[in-house]
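# A closer look at the structure
The lines below spell out each chain.
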Amino acid sequence: MVTIPATAVQTGADTLVAGLECFNLDLTLGCGQAFRWQKTGVGAWHGVAFGLALDISQSGEGLLLKNTAEAQYESVWKRYFGLDTDYAALCARLGRDGGLRQAVEASPGIRILRQEPWETLCSFILSQNNNIPRVTGIVRRLCECFGEPLGHGDFAFPAAERLAALEPEALEPLRAGYRASYLLDAARKAASGELDLRELESLSTCEARVRLTAVRGVGRKVADCTLLYGFGRLEVVPVDVWMRRVLREMYPAGLPACAGDCGGVAQQYLFHWRRSAGHPRP
DNA sequence: TGCCAGGATGATG
DNA sequence: CATCATCATGGC
């Protein structure tokens, strides 16, 4: 099998990426791993990451990043969207197992994003026992209230230092419920250095989990989501009670060997597959 | 109205 | 180690 390399070409102010395999923008941004993207049309989204606003769309031509230089695509968005990873080979490998093949074929093109660690941690703290539309609203209000304005109504995700200086009452407009106090605890620990997110890069998954779960409201699931979606640790498999039952039922001996060190990717496909119609939660 | 949402926590079988 | 009530809020 020949892997077709993607090519990024700047035309005017925009950059067009053609030749992408196994990439579906709608599925990737809509599957619940990121909460800062708004669908603006067919295959078109507007969102903010790393303090940069972006209009992006996918069509038969490829992936179009508006007002984005190729250099910025290469240095920021390529990595963010996981386009520096060979998912064609990865998905082909996952497909060696029947169950995983079903899951991959059901919604091909989902990629694991590499978001900002701090934003990822906060997002999944806020997502606990919550639904995606509501989490999106809370995160949006959080950015509008405390993030740096980027123009055109866009706001960066607020720094930990900014949130750490707030009184609990200041978070009431977010309507985050009891999760607000968890958010403040994370901000205090991140701002004081008690939680050093940059240091996590150099730690083992096990040690990183211990650091993250020292934050109130951060358990195994939120820690693993942070490591998978915020640090690109594709081997980490976030599971809740429901997903654990699904996995025990399908793979009592663990994920098949073809998943290799990308169990998190396999889990993402399984989750999306089982959650879609026909495989409701018990 | 009642139920649910990619949970964590603390207590209890 | 599995299960359970509780937490606060909005959408359906």
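Conventions we followed
Residues numbered from 1 in each chain as written. Chains lettered and ligands numbered in written order. Predicted model: local features only at pLDDT ≥ 70, side-chain atom pairs only at ≥ 80, totals over all residues. Heavy atoms only, no water. Domains from an automatic or database assignment. Contact = heavy atoms within 4.5 Å. Buried area = accessible area lost by both parts, 1.4 Å probe. Salt bridge = Lys/Arg side-chain N within 4 Å of Asp/Glu carboxyl O. Polar contact = N/O pair within 3.5 Å; in protein donor to acceptor, adjacent residues only side chain to side chain. Helix = DSSP H or I, 4+ residues; strand = E, 2+ residues; numbered from the N terminus. Nonpolar A, V, L, I, M, F, W, Y, C, P; charged D, E, K, R; others polar. Pairing = 2+ DSSP bridges. Axes fitted to C-alpha atoms, helices over the stretch in contact; angles between N-to-C directions. Buried < 20%, exposed > 50% of the residue type's maximum accessible area, 1.4 Å probe, protein only.

We note that the domain assignment places domain 1 (7–85) and domain 2 (117–231) within chain A. Each of domain 1 and domain 2 has a C-alpha centre, and these two points are 24 Å apart. Listed as interface residues are ten residues of domain 1 and, on the opposing side, 15 residues of domain 2. Roughly 1,000 Å² of surface becomes buried between domain 1 and domain 2 when both sides are summed, with 63% attributable to carbon and sulfur atoms. In terms of surface lost to domain 2, no three residues of domain 1 exceed Gln33, Phe35 and Arg36, which account for 63% of the buried area on that side. Run the count over domain 1 and domain 2 and you get zero salt bridges. Across the contact surface, domain 1 and domain 2 share two residue pairs in polar contact (both at pLDDT 80 or more). Of all the secondary structure elements, the ones that give two or more residues to the side of domain 1 that touches domain 2 are strand 4 (44–49) and strand 5 (52–59). In the side of domain 1 that touches domain 2, the residues fall into five nonpolar, four polar and one charged.

Okay, the sheet that holds strand 5 next. In sheet architecture, strand pairing relies on hydrogen bonds along the backbone and comes in two forms, parallel and antiparallel. An order of 1-2-6-5-4-3 is seen for the six strands of this open sheet, with the pairing classed as antiparallel. Each of the sheet's edge strands pairs with one partner strand only, and the pair in question is strand 1 (7–11) and strand 3 (37–41). Mean inter-strand twist for the sheet, computed between neighbouring axes without regard to direction, equals 25°.

This part takes up the pattern of salt bridges. Enumeration over the complete set of coordinates arrives at nine salt bridges. Linking Lys78 and Glu74 is a salt bridge whose minimum nitrogen-to-oxygen distance equals 3.3 Å. Residue Lys78 and its partner Glu74 are both found in helix 2 (residues 70–80); the two are separated by four residues, about one turn of the helix. Judged by its relative accessible area of 25%, Lys78 falls in the partly exposed class. A relative accessible area of 35% places Glu74 in the partly exposed class. Glu199 is paired through a salt bridge with Arg211; the nearest N and O atoms lie 2.8 Å apart. Taken together, the positions of Glu199 in helix 9 (residues 197–200) and Arg211 in helix 10 (residues 205–212) put the pair twelve residues apart, joining distant regions of the chain. Glu199 sits in the partly exposed class, given a relative accessible area of 29%. Because the salt bridges share partners, they merge into one network encompassing Asp185, Arg188 and Lys189.

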